[in-house]
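Structural overview
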Amino acid sequence: MINIEERQLNEITCDWYRLAELMKSTLTTSEAAEANARQQQTSKQLIPLLKEKQATKDNPFATCIEGDTFVNIWLDENGEIQDGGYYTKPAL
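All of the points below concern the structure found in this document. (Residues numbered from 1 in each chain as written. Predicted model: local features only at pLDDT ≥ 70, side-chain atom pairs only at ≥ 80, totals over all residues. Heavy atoms only, no water.)

A word on the sheet that holds strand β3 (residues 81-88)
Let me state the cut-off plainly: Between any two strands, pairing holds if DSSP finds at least two bridges. What counts as a helix is a DSSP run of H or I of at least four residues, what counts as a strand is a run of E of at least two, and both are numbered from the N terminus. Here an axis means a line fitted to C-alpha atoms, over the contact stretch when the element is a helix, while the angle between two N-to-C directions is reported on a 0 to 180 degree scale. In this description, contact between two residues means that some pair of their heavy atoms is separated by no more than 4.5 Å.
The strand order across the open sheet built from 3 strands is β1-β2-β3, with neighbouring strands paired in antiparallel fashion. The open sheet terminates on both sides in strands that have one partner only, identified here as β1 (61-66) and β3. With direction set aside, neighbouring strand axes in the sheet form an average angle of 25°. In the sheet, β1 pairs with strand β2 (residues 69-75) via 5 bridges, with the strands oriented antiparallel. The partner of T63 across the bridge, within β2, is V71. This element, helix α1 (residues 6-23), spans β1, β2 and β3 of the sheet and lies at about 70° to β1. Packed onto the sheet, helix α2 (residues 29-53) meets β1, β2 and β3 and runs at close to 80° relative to β2.

In structure tokens:
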């Protein structure tokens, strides 16, 4: 069992999402290679944590990106990280 606080999991998940979004932008070859390497490293940390949380599309891990902006992250049936795009939650 992996012992990690929700805050730490949120930070790792947020890093993965930001790198995934960065990969969608126009990057130089070296920038793309660096972002890809960083995302792969983050994925190696994140996959076991999402497995432990049993994060699926029906039961995703809600990651706070900033303020009231969130993204749902989960593992698909092939064990690959997926996201549902960002959304906002109004403050209570």
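Regarding α2
So the rule is basically this: One fewer than the residue count of a helix, multiplied by 1.5 Å, yields its expected span. The angle between axes fitted to the seven residues ending at a residue and the seven residues starting there is what we call the bend at that residue. Only protein chains enter the accessibility calculation, which uses a 1.4 Å probe. A residue is then buried if its area is under 20% of the maximum for its type, exposed if over 50%, and partly exposed in between.
Along its 25 residues, α2 runs 35 Å from first to last C-alpha, staying within 8% of the 36 Å computed at 1.5 Å per residue. A bend of about 30° at L46 is the largest found in α2, and the proline P48 appears one to four places after it. Among the residues making up α2, those that are buried are A35, Q39, T42, S43, L46, L49 and L50. Those residues of α2 that are buried are in contact with α1, β1, β2 and β3.

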